[in-house]
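Summary of the model geometry
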Amino acid sequence: MEHTYKSGLGMTEEQIEEFAAQAASNILLVAQGTPDETAKAVLSLASDDSNFVNRIELFVDGGAAQI
């Protein structure tokens, strides 16, 4: 399984796999977001299409905040 997690914190591949599996078990959609998915949310809010949006709290976390 390919993950978007980086081992810059000194985590081994095994630790990354463990973390990813544990994180996925806590997310309602049981999916891990990609940087591209986060960027799409940011670009949407930065575009003219959201000019009427005011003071929102947008969770781009696959449902983790709903737990």
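Residues numbered from 1 in each chain as written. Predicted model: local features only at pLDDT ≥ 70, side-chain atom pairs only at ≥ 80, totals over all residues. Heavy atoms only, no water.

1. Considering the pattern of salt bridges
On inspection of all chains with the given rule, the structure shows 1 salt bridge. The residue Asp-36 makes a salt bridge to Lys-40 at a minimum N-O spacing of 3.5 Å. One end of the pair is Asp-36 and the other is Lys-40, both in helix 2 (residues 35-46) and 4 residues apart, which spans about a single turn. Overall, the relative accessible area of 47% leaves Asp-36 in the partly exposed class. Take Lys-40: its relative accessible area is 52%, and that puts it in the exposed class. (Salt bridge = Lys/Arg side-chain N within 4 Å of Asp/Glu carboxyl O. Helix = DSSP H or I, 4+ residues; strand = E, 2+ residues; numbered from the N terminus. Buried < 20%, exposed > 50% of the residue type's maximum accessible area, 1.4 Å probe, protein only.)

2. Quick word on the environment of Gly-62
Residue placement: Gly-62 occurs in the segment after helix 2. The spacing of Gly-62 and Gln-32 is 30 residues in sequence and 7.1 Å in space, taken between C-alpha atoms.

3. A word on helix 1 (residues 13-25)
Between the first and last C-alpha of helix 1 there are 18 Å, a value that for 13 residues agrees with the 18 Å anticipated at 1.5 Å per step. Turning to helix 1, its buried residues are Ile-16, Ala-20, Ala-23 and Ala-24. Buried residues of helix 1, viewed axially, fall in a sector of 95 degrees; they line one side. Relative to its buried face, helix 1 has exposed residues pointing more than 90 degrees away, namely Glu-14, Glu-18, Ala-21 and Ser-25. (Expected span 1.5 Å × (residues − 1). Arc of directions from axis to C-beta.)

4. Section: a nonpolar patch on the surface
Taken together, the side chains of Leu-45, Val-53, Ile-56, Leu-58 and Val-60 make up a nonpolar region of the molecular surface, amounting to roughly 420 Å² of accessible area. Its relative accessible area of 44% is what places Val-60 among the partly exposed residues. (Patch = residues over 30% accessible without salt bridge, like charges linked within 9 Å, V, L, I, M, F, W, Y side chains within 5 Å. Areas by Shrake-Rupley, 256 points an atom, 1.4 Å probe, with all protein chains shown as cover.)

5. Observations regarding the side chain of Ser-50
Within the secondary structure, Ser-50 sits in the segment after helix 2. In terms of polar contacts, Ser-50 uses its side chain to reach the backbone carbonyl oxygen of Leu-45, at 2.6 Å. Residues contacting Ser-50, with those up to four places away along its chain left out, are Ser-44 and Leu-45. (Polar contact = N/O pair within 3.5 Å; in protein donor to acceptor, adjacent residues only side chain to side chain. Contact = heavy atoms within 4.5 Å.)

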